[in-house]
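Summary of the model geometry
One letter stands for each residue in the lines below.
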Amino acid sequence: MPKIHVTDIYGQQHTIEGQVGLKLMEILREYDFGVIASCGGFCSCATCHVYVDPEWVARLPDRQSDESDLLSILTTYSKATSRLSCQVQFTAALDGIRLTVAPEE
């Protein structure tokens, strides 16, 4: 099973199994890591904000304008590594991805 390496909002590191075909948000919200996903994945709340390890950023699809717009208003936004986990589908190519759950706004 493919793996995801996650640092939660408390600074604890975890390795979890990822299910190909699901959004990262759908996988992460099943754990108490700090991903709330209030809007259910509709790119309208940013409660699934994560920082993707710089080594993995280039492997992700580009941000769409609605994701970029929402991220850019966050005080915790990092232009280089911020993503909304609801906008990233987990694929076999992302096996081993490393990410950190962003602090709550």
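Read on for an overview of the structure. Predicted model, so just to flag it, every value in this text is computed and none were measured.

What about the overall build of the chain?
- Within the chain, the secondary structure is distributed over three helices and five strands.
- Secondary structure of the chain in N-to-C order comes out as β-β-α-β-α-α-β-β.
- The C-alpha atoms of the chain give 12 Å as radius of gyration, which agrees with the globular expectation for 105 residues (13 Å, within 12%).
- Counting only C-alpha atoms, the chain reaches 35 × 25 × 25 Å along its principal axes.
- Out of the 105 residues in the chain, the part that is buried amounts to 42%.
- Counting contacts in the chain only where the partners sit at least 6 residues apart, residues at least 24 apart contribute 61% of the total.
- Each charge sign in the chain was given a centre, from 8 positive and 14 negative side chains, and these centres are 5 Å apart.

Digging into the sheet that holds strand β2 (residues 13-17)
- Pairing is mixed in the open sheet, where five strands are placed in the order β2-β1-β5-β3-β4. Because the sheet does not close on itself, it has two edges, and the strands there are β2 and β4 (82-84). Sheet twist, expressed as the average angle between the axes of neighbouring strands with direction ignored, equals 35°.
- The sheet contact formed by strand β1 (residues 3-7) and strand β5 (residues 97-101) spans four bridges and is parallel.

Observations concerning the packing of aromatic side chains
- What the rule picks out here adds up to one aromatic pair.
- Summarising the aromatic geometry, the rings of Tyr 31 and Phe 33 are spaced 4.9 Å apart at their centres and angled 5° between planes, so their arrangement reads as stacked.
- In this structure Phe 33 comes out as buried when scored by relative accessible area, which is 4%.
- Sitting above the plane of the Trp 56 ring, Arg 59 keeps its charged end 4.0 Å from the centroid.

Calculation rules
Residues numbered from 1 in each chain as written. Predicted model: local features only at pLDDT ≥ 70, side-chain atom pairs only at ≥ 80, totals over all residues. Heavy atoms only, no water. Helix = DSSP H or I, 4+ residues; strand = E, 2+ residues; numbered from the N terminus. Rg over C-alpha atoms; globule rule 2.2 N^0.38 Å. Buried < 20%, exposed > 50% of the residue type's maximum accessible area, 1.4 Å probe, protein only. Contact = heavy atoms within 4.5 Å. Lys, Arg positive; Asp, Glu negative; His and termini not counted. Charge placed at Lys NZ, Arg CZ, Asp CG, Glu CD. Pairing = 2+ DSSP bridges. Axes fitted to C-alpha atoms, helices over the stretch in contact; angles between N-to-C directions. Phe/Tyr/Trp six-rings, centres within 6.5 Å; stacked < 30°, edge-to-face > 60°. Lys NZ or Arg CZ within 6 Å of the ring centre and 35° of its normal.

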